[in-house]
Amino acid sequence: MHISEEYKQSHGMTPEKIADTMLDFYARVDSACEGIVKTLAQQGHTLKCMAGCCQCCIDDLSITKAEAAVIEKLFPAFRSLNPHPSGACPFLDDHGLCRIYAARPYICRTHGLPMRWLDETSQTEERDICFLNDDIDILSLEPTSCWTSQTAEIQLSILNIATFGDAERIPMRSFWEI
Ligand code: SF4
Ligand code: SF4
């Protein structure tokens, strides 16, 4: 994929500006997630997600360079802190709270929602939800009550390719090495 320098400049997709562009992207993701939570609430479904609930903060999640740029922008001194010991996300604190919450990556913003995506092999829709929220019958939900993962993930990949030339993902624990 080739994206001209003029397009990158006009869309703010430069390494210097990517954090701001990503914060706009996150704001749209957050707004869409809030809409789904409200829709679920209107149907009588309350997600168990809350501060301190961190079983989704596992140790093998990954981020893109654009997501790392947001962490660097909002938490410029974070690399001087120690990562959480292995066995949980390195950004987690000792009380089950995210130490980079305002800069948390895309995937963390959708944790807990009913997820739906297209399985590329079978070309069928798949759905899943955190086991703590599985009292919700996700197969009965309208698509608008679920997070459709691929659209935002494609946008995230495009932002990374346009800025860095690739959409490579690195383990979160590698943040301390870049
Ligand atoms: S970045 Fe924060 S929200 Fe995301 S998995 Fe790590 S601790 Fe949890
Ligand atoms: S996704 Fe699951 S583990 Fe994570 S905050 Fe929500 S209920 Fe807790």
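Described below are features of the structure shown in this document. Because the structure is predicted, anything quoted here is derived from the model rather than measured.

Procedures and definitions
Residues numbered from 1 in each chain as written. Chains lettered and ligands numbered in written order. Predicted model: local features only at pLDDT ≥ 70, side-chain atom pairs only at ≥ 80, totals over all residues. Helix = DSSP H or I, 4+ residues; strand = E, 2+ residues; numbered from the N terminus. Rg over C-alpha atoms; globule rule 2.2 N^0.38 Å. Buried ≥ 20, exposed ≤ 12 C-beta atoms within 10 Å, placed from the backbone. Contact = placed C-beta atoms within 7 Å. Expected span 1.5 Å × (residues − 1). Pairing = 2+ DSSP bridges. Near = placed C-beta within 6 Å. Nonpolar A, V, L, I, M, F, W, Y, C, P; charged D, E, K, R; others polar. Axes fitted to C-alpha atoms, helices over the stretch in contact; angles between N-to-C directions. Parallel < 35°, antiparallel > 145°, perpendicular 65-115°, else oblique. Core = buried A, V, L, I, M, F, W, Y, C linked by C-beta atoms within 7 Å.

1. Re the overall build of the chain
In step 1: Assigned secondary structure in the chain consists of five helices and five strands.
In step 2: Each helix and strand of the chain, ordered N terminal to C terminal, gives the series α-α-β-α-α-β-β-β-α-β.
In step 3: Expected size for 178 residues packed as a compact globule is a radius of gyration near 16 Å; at 17 Å, the chain falls within 12% of this value.
In step 4: Judged by the C-alpha coordinates and their principal axes, the chain covers about 45 × 40 × 30 Å.
In step 5: The proportion of buried residues among the 178 residues of the chain is 21%.
In step 6: Taking the contacts inside the chain whose residues are at least 6 apart along the sequence as the reference set, 74% of them involve residues at least 24 apart.

2. Observations concerning the environment of Phe164
In step 1: Structurally, Phe164 is set in helix 5 (residues 149-164).
In step 2: With 99 residues separating them in the primary sequence, Phe164 and Lys65 have C-alpha atoms 7.6 Å apart.

3. Some thoughts on helix 5
In step 1: With 16 residues, helix 5 should cover 22 Å at 1.5 Å per step; its first-to-last C-alpha distance of 22 Å lies within 8% of that length.
In step 2: For helix 5, the set of buried residues is Ala152, Leu156, Leu159, Asn160, Ala162 and Thr163.
In step 3: Just beyond helix 5, the residue with positive phi is Gly165, at close to 90 degrees.

4. Details of unusual backbone geometry
In step 1: Here the phi dihedral of Gln123 falls at roughly 55 degrees; this positive angle occurs in a residue that is not glycine.
In step 2: By secondary structure assignment, the location of Gln123 is in the loop between strand 2 (115-119) and strand 3 (124-128).
In step 3: Using a count of 7 C-beta atoms within 10 Å as the deciding quantity, one classes Gln123 as exposed.

5. Re the sheet that holds strand 4 (residues 147-148)
In step 1: Pairing in this open sheet of three strands is mixed, and the strands run 3-2-4 from one edge to the other. Across the chains shown, the open sheet's two edge strands, defined by having one partner strand only, are strand 3 and strand 4.
In step 2: With five bridges joining them, strand 2 and strand 3 adopt antiparallel strand pairing. If you follow Trp117 over to strand 3, its bridge partner there is Glu126.

6. A word on the environment of Ser140
In step 1: Relative to the helices and strands, Ser140 resides in the loop between strand 3 and strand 4.
In step 2: C-beta crowding within 10 Å serves as the criterion here: with 8 such atoms nearby, Ser140 is assigned to the exposed category.
In step 3: Separated by 117 residues in sequence, Ser140 and Leu23 place their C-alpha atoms 33 Å apart.

7. Notes on the site of ligand 1
In step 1: Near ligand 1 the following residues occur: Cys57, Leu61, Cys89, Phe91, Leu92, Cys98, Ile100, Arg104, Pro105 and Cys108.
In step 2: Counted by class, the shell around ligand 1 contains nine nonpolar, no polar and one charged residues.

8. Examining the packing of helix 2 (residues 18-42) against helix 5
In step 1: Packing of helix 2 against helix 5 leaves a shortest axis separation of 11 Å and a crossing angle of 175 degrees. By the angle between their directions, the pair helix 2 and helix 5 is classed as roughly antiparallel. Of helix 5, the residues touching helix 2 (which contributes Ile18, Thr21, Met22, Phe25 and Val29) are Ala152, Gln155, Leu159 and Thr163.

9. Points about helix 3 (residues 65-74)
An α-helical turn contains 3.6 residues, so a residue and the one three or four places further along point in the same direction.
In step 1: Among the residues of helix 3, Ala66, Glu67, Ala68, Ala69, Val70 and Ile71 are the ones counted as buried.
In step 2: Residues of helix 3 that are buried in the fold lie against helix 2, strand 1 (62-64), helix 4 (106-109) and helix 5.

10. Considering the pairing of strand 2
In step 1: One ladder, built from two bridges, connects strand 2 with strand 4; its direction is parallel. Bridge pairing in strand 4 links Arg116 to Thr148.

11. Description of the nonpolar core
In step 1: One finds Ile18, Met22, Ala66, Ala69, Val70, Cys89 and Leu159 to be the most contacted residues of the largest nonpolar core, which totals 21 residues.
In step 2: Those elements that place two or more of their residues in this core are helix 2, helix 3 and helix 5.
In step 3: With five residues, the top contributor of residues to this core is helix 3.
In step 4: If near-sequence neighbours (up to four positions away) are discounted, Ile18 is found in contact with Met13, Ala66, Ala69, Leu159 and Thr163.

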